[in-house]
Amino acid sequence: MTLAQLEALLQRLTEQLATALLAEPIDLRVGHRVGTELVAAHIASAEGLGRTVEVVQLRLARDLGLVDEEVEDRLARLLAAVTTGYARALRDRTLDEQETIRRAAMTARAEAERALRSSEARFRHQATHDPLTDLPNRTLLTERLSAAIDSPTRGAARLGVCFLDLDRFKVVNDSHGHQVGDGLLVAMADRLRRSLDGHLVARLGGDEFVVLVEDTTGTDDVVAVAEAALAAVREPVLVDGHELSVSASIGIVEREVAGTSPGDLMRAADSTLHWAKAAGGARWALYDADRDRRDLARYALSAAIPTALERGEFYLDFQPLTSLRDGRVLGMEALVRWRHPELGVLRPDSFIGLAEETGLIVPLGGWVLAEACRQAESWAVGGGPAPFVSVNLAVRQVRRAALVQEVRALLRHTGLSPERLQLEITESTMMSTAEESVRTLRMLADLGVRIAIDDFGTGYCNLAYLRDLPVTELKVAGQFVAGLRAPEARADERILASLVSLAHALDLTVTAEGVETAGQAERLRAIGCDAGQGWHFGRPDSAERILARLR
């Protein structure tokens, strides 16, 4: 209130009290109303009430010219009414304010609870949905999988999972940028959501999506979903002015819910997805338990290679390369074996491919090369020249820039002369070598090391490589030698004769692999082949036993 408003209020209340004091009979209700109005005007402190009573008692009767005892009694009664009205009004207002506060607190609590629920729902959505596509993420997918598997009412229910991955998505990112790649992912998510309505579609990250198919009756139900997903992805899409066409690969798993878990399902689906991609993509593949077990065994085997190297579980056998002219052992090829603590002795075809896939062929191949050189340095056969040792090199080894320095250090450390080391590379390796690798082979040849082409005739060799590479020997693949078993089979013999003639024209020696009979050996000798390797001349064995038989 302004000062003028306050003065007007007090003037009016004073006039009401004066009128009541002079009225006959006295109306005490006026006092009650005055006390109530004082509280309503927020003159509601104890000090304010006391000052009001004091001023009225001292001034009102005197200013009205009333001095008899009866007036003092009437004034006292009137002021008591003011005090009573004041007290009641103050009590009522306090109760009203308390109720207001209670209601405000209840309202605030309700609003806070609503805000909390809304915040929880928002955070829950953020925690369970992909921020880019707004599809369910891995967390929500796992929850739904767990609920589908763990429900006590499911009984013998079945479910399926489609694990989808876009083919060559990295090309889109590399060619058009991540903004276009993100736009493509959003478009693919919308398509999958629309075309697979009724099924949970989740994005795991990157370009990986998963479709959960519940209550299936067999694999056909999930295959139908996979076909629909492939069709949805296949249609071209326009993103930021770029028309993009992509395909997808899908791994399908369908099984009973009993006895499985979300982790088992997703691992199986992931493995199956890789089968689809390995088959060329743009297709689906169905889970095969036997194949999965084989893959797991292969993985476990590859993971054990580093430890096996540390424990010394690998060892070398050797197979002689024998002259077809005089039967002398010219060299011995090093063949690695793995004495596995659980699986027994493993041949190279059980683990070399795994080592090449994982890159472990570099340390394994390095060990083979070092061990072969170490053993070969001590070989001696009577008074004749000691055989050379032949070691296979993988593509990764040939492409390593440090290969020349490693070989030079090995020869120096073991004391093996360079001409007694032969390095074998496959025909496919020769075709895939870059200029740097060719330079490496030439540097090895300059050291005096022999270079041989293994399995010659099985690939698509450019004959110019034989002219330009520092090759000293061709090892003809055993497929051609196998044809020499039948006396009437002349095609393989003519092919072998041509290869031998070509090699000799290039000043290369020729070793025939897979020689198993004396007849094969004789026919190879007749066409001019220089050496043979195979069971006819000796099965793989330790170098000590082979050399002992030759002495």
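Keep in mind the model is a prediction, meaning the values are calculated, not measured. (Residues numbered from 1 in each chain as written. Predicted model: local features only at pLDDT ≥ 70, side-chain atom pairs only at ≥ 80, totals over all residues. Heavy atoms only, no water.)

If you walk across this open sheet you meet the five strands as E2-E3-E1-E6-E7, and the pairing is mixed. The open sheet terminates on both sides in strands that have one partner only, identified here as strand E2 (200–205) and strand E7 (284–286). Going from strand to strand, the sheet's axes swing by 20 degrees on average, the running direction of each strand aside. With five bridges connecting them, E2 and strand E3 (residues 208–214) associate as antiparallel partners. Bridged to Gly-205 within E3 is Glu-208. (Pairing = 2+ DSSP bridges. Helix = DSSP H or I, 4+ residues; strand = E, 2+ residues; numbered from the N terminus. Axes fitted to C-alpha atoms, helices over the stretch in contact; angles between N-to-C directions.)

Residue placement: Gly-241 occurs in the loop between strand E4 (237–239) and strand E5 (242–244). Between the C-alpha atoms of Gly-241 and Leu-9, which are 232 residues apart in sequence, the distance is 76 Å.

Right, let's talk about the packing of aromatic side chains for a bit. The tally for this structure, following the rule as stated, stands at six aromatic pairs. Seen in terms of ring centroids, Phe-314 and Trp-367 are 6.4 Å apart; in terms of plane orientation they differ by 50 degrees. Their pairing is tilted. Here Trp-367 lies in helix H13 (residues 361–376) and Phe-314 lies in strand E8 (residues 314–323), a separation of 53 residues in the sequence. What makes Trp-367 partly exposed here is its relative accessible area of 25%. (Phe/Tyr/Trp six-rings, centres within 6.5 Å; stacked < 30°, edge-to-face > 60°. Buried < 20%, exposed > 50% of the residue type's maximum accessible area, 1.4 Å probe, protein only.)

For the rest of this paragraph, the subject is the pattern of salt bridges. The tally for this structure, following the rule as stated, stands at 33 salt bridges. A salt bridge links Arg-158 to Glu-256, with the nearest nitrogen and oxygen atoms 3.9 Å apart. With a gap of 98 residues between them, Arg-158 in strand E1 (residues 158–166) and Glu-256 in strand E6 (residues 248–256) connect regions that are remote in the sequence. Glu-256 sits in the partly exposed class, given a relative accessible area of 39%. Between Glu-522 and Arg-525 there is a salt bridge; the shortest N-O distance is 2.5 Å. On the criterion of helical spacing, the pair formed by Glu-522 and Arg-525 is a turn pair, its members being three residues apart in helix H21 (residues 518–526). We classify Glu-522 as partly exposed; its relative accessible area is 41%. Relative accessible area serves as the criterion here: at 40%, Arg-525 is assigned to the partly exposed category. Here the salt bridges do not stand alone but share partners, grouping Glu-333, Glu-424, Lys-475 and Glu-513 into one network. (Salt bridge = Lys/Arg side-chain N within 4 Å of Asp/Glu carboxyl O.)

This paragraph deals with the packing of helix H5 (residues 138–150) against helix H9 (residues 262–278). Packed helices, taken two at a time, are described by the angle between their axes plus the distance between the axes. Here H5 crosses H9 at 115 degrees, and the two axes come no closer than 9 Å. From H5, Leu-141, Thr-142, Leu-145, Ser-146 and Ile-149 reach across to H9, where they touch Pro-262, Leu-265 and Met-266. Looking at the contact of H5 with H9 residue by residue, the classes come out as six nonpolar, two polar and no charged. (Contact = heavy atoms within 4.5 Å. Nonpolar A, V, L, I, M, F, W, Y, C, P; charged D, E, K, R; others polar.)

This paragraph deals with the pairing of E8. In terms of residue burial, E8 counts as a mostly covered element, since nine of its 10 residues are buried. When E8 meets strand E9 (residues 329–340), the two strands line up antiparallel, connected through nine bridges. Of the residues in E9, the one forming a bridge with Pro-320 is Met-332. In sequence, E8 turns back onto E9 through a hairpin of five residues, with Gly-327 there showing a positive phi of about 75 degrees. Two elements, E8 and strand E16 (residues 531–533), share two bridges in a ladder whose sense is antiparallel. If you follow Thr-322 over to E16, its bridge partner there is Gly-532.

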